[in-house]
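Architecture and fold: a report
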Amino acid sequence: MKTAVQLREERAGLIAQARQKHAEAEARQGGPTAEDRAEFDRLMNAADELRRRYEDLERLEAAEASLETADERVSDPMAGGERSAAGGASNRPENRTAGQYRESAEYRSVYAEWLATGQVRHAAIPREFRDTVLGTDSKGGYLVTPTQLAAEIVKGIDDLVFVRPLARIQRIGSAKTVGVPRLTSRMADADWSGEVAAVTEDTTMALDRRDLKPYLMSKLAKISIEASDRDSNIERLIQDELAYKNAITEEKAYLTGNGTGKPLGIFTASANGVPTTRDVTGTNTTTAITADTLIAMKYSLKPGYRADPTCRWMWSRTAIEAVSKLKDTTNNYLWQPSVQAGQPDRLLGIAVAESEYVPATFTTGLYVGAIGCLRYYWIAEVSDLRIQRLVERYSDTSEIGFISRRWVDGAPVLAEAFSRCKLA
């Protein structure tokens with residue numbers, strides 16, 4: 001049987017091979033092929049498995065060492081005191097927190113095997129963590145997603161939507177809600193007064209609070225059994241599918257959610273978010289947006305909001321097609337297409353965000369676009385992401401189902417940072 005040191009050396013060799021093959025593939029004309037990526041994944045998966053094995057051995061060695069020390073103390077009553085930091089209880093693997101365990105390679109290995117086969121190696125999960133990462137129900141079971149994989153799925157969601165990367169995100173731990181203070185009326189102007197005169201108290205400023213309470217959001221992704229068998233990195237396949245499915249659900253809610261059991265959207269008129277006083281109709285007709293209205297929308301925001309890096313126009317494809325044709329009084333287009341990679345198109349100098357979920361029905365009295373400083377859209381979420389594997393439900397179609405569960409809420413928290421475009 002190989003020692004932990006030998007397994008570490010073998011793992012280092014596999015990683016060196018993976019690096020070399022990756023460098024060779026990148027240098028080759030045309031770049032890495034599918035075979036190159038599969039070989040890289042194979043080497044790295046093997047390295048991960050070796051890491052799990054040597055960590056298990058080292059845990060056993062640490063446990064044996066602690067038993068030997070305990071035996072010595074029993075046989076020598078004069079021995080006592082605290083153990084050194086190098087071998088202290090705080091450094092033993094079994095004293096990790098559940099969060100630290102979810103970050104370990106050993107847990108990721110158990111999780112990857114469960115995704116691929118539906119089997120959980122219970123013996124590989126330390127007893128003290130089983131209740132915190134494992135659950136079962138009548139339709140199968142779920143594991144709390146490894147910390148790194150959960151972060152990768154959320155990053156995938158961020159890459160697919162525009163609100164989340166610009167919004168302010170609050171992570172909630174043990175608390176059930178996060179309170180968002182809201183200024184409902186501003187303080188009156190300061191007073192000019194004499195050097196020793198009494199200061200006048202302000203009575204006009206008022207605050208209230210809206211509680212953000214993360215609601216359960218779930219999504220089902222299905223993959224074929226054949227795809228699962230052929231893909232050497234099942235985690236990546238599941239990660240991409242769930243990121244896409246969750247991104248759609250979140251973006252819809254951040255834009256048009258009604259705030260009941262889900263986030264409150266920017267395009268939902270509400271005293272708790274963006275009220276109707278922030279609607280701009282201008283010279284719009286019942287079916288079209290006008291240039292004058294766009295100018296009025298831009299300048300309905302104060303300079304600080306317009307200059308903020310999170311300020312965005314929000315339009316659908318239909319609206320973009322319409323506004324990109326509008327011109328100013330000197331016959332110049334208001335729309336400025338991007339000429340630099342990574343930079344967005346601009347309208348009246350402000351970046352444009354396009355979404356399939358911005359309202360796009362051009363009819364009397366409906367919203368068709370908005371402008372806003374998205375740092376004032378707050379999102380509250382619970383960091384844990386759970387995935388359930390459906391064992392039998394789709395067996396007749398040779399598919400496997402995976403349900404993700406997250407807890408999310410969100411709302412605009414400063415009305416004056418947003419304006420909506422409304423048709424006449």
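Let me sum up the structure you'll find in this document. (Residues numbered from 1 in each chain as written. Predicted model: local features only at pLDDT ≥ 70, side-chain atom pairs only at ≥ 80, totals over all residues. Heavy atoms only, no water.)

**Things to note about the overall build of the protein chain**
Check the secondary structure of the protein chain and you find twelve helices and 15 strands. Evaluated residue by residue, the protein chain yields a buried proportion of 39% over its 424 residues. Partitioning the contacts of the protein chain with sequence separation of at least 6, the portion at a separation of at least 24 is 74%. Surface exposure of the protein chain reaches about 23,400 Å², of which carbon and sulfur atoms provide 51%. (Helix = DSSP H or I, 4+ residues; strand = E, 2+ residues; numbered from the N terminus. Buried < 20%, exposed > 50% of the residue type's maximum accessible area, 1.4 Å probe, protein only. Contact = heavy atoms within 4.5 Å. Areas by Shrake-Rupley, 256 points an atom, 1.4 Å probe, with all protein chains shown as cover.)

**A closer look at the sheet that holds strand β10 (residues 346–347)**
On the basis of which strands lie adjacent, the open sheet formed by seven strands has the order β7-β15-β12-β8-β11-β10-β9 and mixed pairing. Of all the strands in the sheet, just β7 (279–280) and β9 (335–336) have a single pairing partner and so form its edges. Sheet analysis places β9 next to β10, joined by two bridges and oriented antiparallel. Paired with Trp-335 across the bridge in β10 is Leu-347. (Pairing = 2+ DSSP bridges.)

**Describing the pairing of strand β11 (residues 350–354)**
Counting buried positions along β11 gives four out of five residues, so the element sits mostly inside the fold. Pairing of β10 with β11, which is carried by two bridges, proceeds in the antiparallel orientation. Residue pairing in the sheet places Leu-347 in a bridge with Ile-350 of β11. Remark: two residues form the turn of the hairpin made by β10 and β11, two consecutive strands paired antiparallel; Leu-348 in that turn has positive phi of roughly 55°.

**Concerning the nonpolar core**
One recurring pattern in soluble globular proteins is that nonpolar side chains are buried together. Counting 48 residues, the largest nonpolar core has Ile-289, Leu-294, Trp-313, Met-314, Trp-315 and Leu-347 as the members making the most contacts within it. Ranked by the residues each element gives to this core, the list is headed by strand β12 (residues 367–373), at five residues. Look past the residues within four positions of Trp-313 in its chain and what remains in contact with it is Leu-294, Met-297, Lys-298, Leu-347, Leu-348, Ile-350, Ala-351, Val-352, Ala-353, Ala-370 and Ile-371. Membership of the second largest hydrophobic core comes to 29 residues, among which are Val-110, Tyr-111, Ala-150 and Ile-387. (Core = buried A, V, L, I, M, F, W, Y, C linked by side-chain atoms within 4.5 Å.)

**Considerations on the side chain of Glu-381**
Structurally, Glu-381 can be placed in strand β13 (residues 377–390). Overall, the relative accessible area of 1% leaves Glu-381 in the buried class. In terms of polar contacts, Glu-381 uses its side chain to reach the side chain of Arg-164, at 2.8 Å. When near neighbours in sequence (up to four residues on either side) are disregarded, Glu-381 contacts Arg-164, Ile-169, Gln-170, Arg-171, Ile-172, Pro-214, Arg-406, Trp-407 and Val-408. (Polar contact = N/O pair within 3.5 Å; in protein donor to acceptor, adjacent residues only side chain to side chain.)

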